[in-house]
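Listed below, chain by chain, are the residues.
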Amino acid sequence: MTSELLNTLVAKAFRGEAPSRAESLALLAGSDPLIEVVAAGSRVRREYFGTRVKLNTIVNMKSGLCPEDCGYCSQRLGSASEVLKYSWIPPEQAAQVAGDAVRAGAKRVCLVASGRGPGERDITRIEHTIAAIKSDHPQVEVCVCLGLLGDGQAERLAAAGAHAYSHNLNTAEARYADICPTHTFTDRVDTLQRATAAGLSPCSGAIFGMGESDDDIVDVALALRELDPDSVPVNFLIPFEGTPLGGRWDLDPERCLRILALFRFHFPEVEVRLAGGREIHLRTLQPLALHLANSIFLGDYLTSEGQPGADDRQMITDAGFTIEGADEPTLPAARHDLVAIRRRGAGTGLPANA
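The model shown is predicted, which means the values in this text are computed figures rather than measured ones. (Residues numbered from 1 in each chain as written. Predicted model: local features only at pLDDT ≥ 70, side-chain atom pairs only at ≥ 80, totals over all residues. Heavy atoms only, no water.)

### Remarks on the overall build of the chain
And then number 1: Helix and strand content of the chain: 13 helices and 10 strands.
And then number 2: Its C-alpha atoms give the chain a radius of gyration of 19 Å, within 12% of the compact-globule value 20 Å for 354 residues.
And then number 3: Along the three orthogonal principal directions, the C-alpha set of the chain runs to about 55 × 45 × 40 Å.
And then number 4: Here the chain, with 354 residues, has 59% of them falling under the buried criterion.
And then number 5: For the chain, the accessible surface area stands at approximately 13,300 Å², while carbon and sulfur atoms represent 52% of it.
And then number 6: For the chain, the distance from the average site of its 35 positive side-chain charges to the average site of its 46 negative ones is 3 Å. (Helix = DSSP H or I, 4+ residues; strand = E, 2+ residues; numbered from the N terminus. Rg over C-alpha atoms; globule rule 2.2 N^0.38 Å. Buried < 20%, exposed > 50% of the residue type's maximum accessible area, 1.4 Å probe, protein only. Areas by Shrake-Rupley, 256 points an atom, 1.4 Å probe, with all protein chains shown as cover. Lys, Arg positive; Asp, Glu negative; His and termini not counted. Charge placed at Lys NZ, Arg CZ, Asp CG, Glu CD.)

Structure (structure tokens):
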């Protein structure tokens, strides 16, 4: 029998109300059986997104050698992780990687580049890349993730045909300096606000498994609600050797699923995207996560390999879901507008894992 807490969370989600802090903490604390938590979150997920799963893919335009000191990142300043390191790939190669993913079912292509933020030449490179992708796949959504944005840069990306801008808050404001000392939580909020003001769909989420408390998880969920993103990626830390957080293995499948459920209740009408680390931490319970998240990344991530795209598609089908088509809306009509080193795909001579 569903508990009073879960019934309350579902009812609030249907009214568009956020869970209280006490309700959020109770959900994370684990008094309700996991299967009941997933079932309650699934009611909300199906109300707004049915059985559709949106596929997204990442094209890592420039890998490694980042001047920022984000403790979770294998591309950080001074990282000893043996990840791929290369400068900007040409637009034609990015378009080929993107095209392979689109033909495999991806609806959104995320163009990502390491660094504090783009220079003017970098924006030009992305403009040319968007044009190359759109020439063969005009219907595909292009999301851009280049770090902190300066004056006029979001407007240029929007004019070039970018659909969205991604910039995660990553963790709660109170502990942000513990994760990254080279820029601030406020810097990240500012970039999301610049992107939104320019007409780009805001995409922002968090990374879990970095030593955060339950209160920290609730804090970042509430901060994200204030930004009103259209998609919320939920990442689970990939503990790369050679990074300050390389020894953290704090997560298990139940913890990940409770976090996903919390984000579904906080973002009932929003694209909640199952992102990095799902294979490592959810393991055999990945299909259960599809009852909470309505979007996943297909294939590889920035510097780590994901499971084969064919396995992702089979998992979706086996779990009773369908891949969202390019002509289907991701967001409900009511909204105003969701560790193996990578050695294939962008920046290599090998095909991408799509």
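Structure's up, so let's keep going.
### What to know about the environment of G247
And then number 1: Counting through the fold element by element, G247 comes out in the loop between β7 (231–236) and α10 (253–266).
And then number 2: Note on G247: relative accessible area 66%, which makes it exposed.
And then number 3: When the C-alpha atoms of G247 and L149 are compared, they prove to be 32 Å apart, with 98 residues separating the residues in sequence.

### Description of helix α6 (residues 153–160)
And then number 1: Along α6, the positions that sit buried rather than exposed are Q153, A154 and L157. One side of α6 holds all its buried residues, which, seen down the axis, span an arc of 100°.
And then number 2: Contacts from the buried residues of α6 go to α5 (120–136), β3 (141–145), β4 (164–166) and α8 (185–197). (Arc of directions from axis to C-beta. Contact = heavy atoms within 4.5 Å.)

### With respect to unusual backbone geometry
And then number 1: The backbone of N170 shows a phi angle near 75°, a positive value even though the residue is not glycine.
And then number 2: Within the secondary structure, N170 sits in the loop between β4 and α7 (176–179).
And then number 3: Residue class for N170 comes out buried when judged on its relative accessible area of 2%.

### A few points about the packing of aromatic side chains
Pairs of aromatic rings are described using the distance from one ring centre to the other and the angle between the two planes.
And then number 1: For the structure shown, the criterion picks out 5 aromatic pairs.
And then number 2: Relative to F267, the ring of F263 has its centre 5.9 Å away and its plane inclined at 25°; by these criteria the two rings are stacked.
And then number 3: Judged by its relative accessible area of 0%, F263 falls in the buried class.
And then number 4: Pairing F297 with Y301 gives two aromatic rings, centres 6.4 Å apart and planes at 75°, and the pair type is edge-to-face.
And then number 5: Judged by relative accessible area, which is 7%, F297 ranks as buried.
And then number 6: Through pairs of rings, three or more aromatic residues link up here, namely F208, F263 and F267. (Phe/Tyr/Trp six-rings, centres within 6.5 Å; stacked < 30°, edge-to-face > 60°.)

### Remarks on the side chain of E141
And then number 1: Mapped onto the elements, E141 comes out in strand β3.
And then number 2: The exposure class assigned to E141 is buried, which follows from its relative accessible area of 12%.
And then number 3: When sequence neighbours within four positions are dropped, the list of residues in contact with E141 reads K54, K107, R108, V109, H163 and T330.

### Brief notes about the packing of helix α9 (residues 214–227) against α10
Helix packing geometry: the angle between the two helix axes and the distance between the axes.
And then number 1: At a closest axis distance of 10 Å, the pairing of α9 and α10 adopts a crossing angle of 30°. What the angle tells us is that α9 and α10 run roughly parallel. Relative to α10, α9 is oriented so that their crossing is right-handed. Across from D214, I217, V220, A221, L222, L224 and R225 in α9, the residues of α10 making contact are R255, I259, L262, F263 and H266.
And then number 2: Each residue belonging to the contact of α9 with α10 can be placed in one class, and the counts come to 8 nonpolar, 1 polar and 3 charged. (Axes fitted to C-alpha atoms, helices over the stretch in contact; angles between N-to-C directions. Parallel < 35°, antiparallel > 145°, perpendicular 65-115°, else oblique. Left-handed = near helix turned anticlockwise from the far one by under 90°. Nonpolar A, V, L, I, M, F, W, Y, C, P; charged D, E, K, R; others polar.)

### As for helix α1 (residues 4–15)
And then number 1: The terminal C-alpha atoms of α1, which comprises 12 residues, lie 17 Å apart, in line with the 16 Å expected from a rise of 1.5 Å per residue.
And then number 2: If you check which residues of α1 are buried, you get L5, L6, L9, V10, K12 and A13. Buried residues of α1, viewed axially, fall in a sector of 165°; they line one side. For α1, exposure combined with an orientation more than 90 degrees from the buried face picks out E4 and R15.
And then number 3: Among the residues trailing α1, G16 stands out with phi positive, at a value near 75°. (Expected span 1.5 Å × (residues − 1).)

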